[in-house]
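Structural description and commentary
Read off the chains here:
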Amino acid sequence: MIKSVSYFNFENALEALNFYEAKLGAEVVSKTMGDDEMFKDLPEEYKMPKDVAKRFVMNAEFKILGETFMVSSTRDERPISNEGTNVCFTFDGSNDADVKAATDFYKRAIEAGCEETMPLGETEWSKLYGMFKDPYGVTWMINAC
């Protein structure tokens, strides 16, 4: 089976990953840092400075609401805009467990300081819809079908 996985790039991916885990309930599946043992035999000119390597995410995988996402730090920790990056969780609005999971996720995000851009509630197109932006520029949507 072929599937698509959203891949984020952040100036400070470790900070974002820690935020997602602590505040949004993400489960970190794997994380390879710039100071990982696999890079020890690289020629010196390819190694990162130690202070950068210990906070630099080469690649990480995490899950939110059962969906997989991947993330890495930008090269040389360059600033990057994630404006326009959107994630939309769709679910069965008549499934109480799905509604509770989506509602809890949304409320956790707002309590964590994410910017509420559309309050969670009923709309013309959905029994339950809401939207917020996280501190890293990613917009997250909840949409009951």
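Scroll up to find the structure.
Since we're looking at a predicted model, the values are computed, not measured. (Residues numbered from 1 in each chain as written. Predicted model: local features only at pLDDT ≥ 70, side-chain atom pairs only at ≥ 80, totals over all residues. Heavy atoms only, no water.)

Regarding the packing of aromatic side chains
On inspection of all chains with the given rule, the structure shows 20 aromatic pairs. Between the aromatic rings of Phe-8 and Trp-140, the centroid separation amounts to 6.1 Å while the plane-to-plane angle is 70 degrees, which identifies the pairing as edge-to-face. Residue Phe-8 is found in strand E1 (residues 6-10), and its partner Trp-140 is found in strand E8 (residues 139-144); the two are separated by 132 residues along the sequence. Neither Phe-8 nor Trp-140 differs from the other in exposure class; each is buried. Between Phe-19 and Tyr-136, the aromatic rings sit 5.8 Å apart at their centres with planes inclined by 65 degrees, giving edge-to-face as the arrangement. One end of the pair, Phe-19, is in helix H1 (residues 13-24); the other, Tyr-136, is in the loop between strand E7 (129-133) and E8, with 117 residues separating them in the sequence. (Phe/Tyr/Trp six-rings, centres within 6.5 Å; stacked < 30°, edge-to-face > 60°. Helix = DSSP H or I, 4+ residues; strand = E, 2+ residues; numbered from the N terminus. Buried < 20%, exposed > 50% of the residue type's maximum accessible area, 1.4 Å probe, protein only.)

A closer look at the sheet that holds E1
Strand order in this open sheet of four strands is E1-E4-E3-E2, and the pairing throughout is mixed. For this open sheet the edge positions go to E1 and strand E2 (27-33), each flanked by a neighbour on one side alone. For this sheet, the mean angle separating the axes of adjacent strands, direction not counted, is 20 degrees. Across six bridges, E2 lies against strand E3 (residues 57-64) in antiparallel orientation. Bridge pairing in E3 links Glu-27 to Lys-63. (Pairing = 2+ DSSP bridges. Axes fitted to C-alpha atoms, helices over the stretch in contact; angles between N-to-C directions.)

Here we look at the layout of surface pockets
Over the atoms a probe the size of a water molecule is rolled, and this reveals where empty space is left. The volume enclosed by the largest pocket comes to roughly 550 Å³. In terms of lining residues, the largest pocket is bounded by 19 residues, among which Gly-34, Tyr-46, Lys-47, Met-48 and Ala-53 are the most central. Counting residues per element, the lining of the largest pocket draws most heavily on helix H2 (residues 50-53), which supplies three residues. Classifying every residue of the lining of the largest pocket by side-chain character gives eight nonpolar, one polar and ten charged. (1 Å grid on protein atoms, 1.4 Å probe; cavity = no way out; pocket = protein on both sides within 12 Å on 5 of 7 lines; lining within 4 Å. Points joined across faces, edges and corners; volume = space filled by probe spheres on them. Nonpolar A, V, L, I, M, F, W, Y, C, P; charged D, E, K, R; others polar.)

Concerning the sheet that holds E8
In spatial order, the strands read E5-E8-E7-E6; together these four strands make up an open sheet with mixed pairing. Looking along the sheet, the strands with just one partner apiece sit at the ends: strand E5 (86-91) and strand E6 (115-121). Going from strand to strand, the sheet's axes swing by 15 degrees on average, the running direction of each strand aside. Strand direction decides the pairing type here: E6 and E7, joined by four bridges, are antiparallel. Note on E7: the bridge partner recorded for Glu-116 is Phe-132.

The analysis is restricted to geometry; functional conclusions fall outside its scope.
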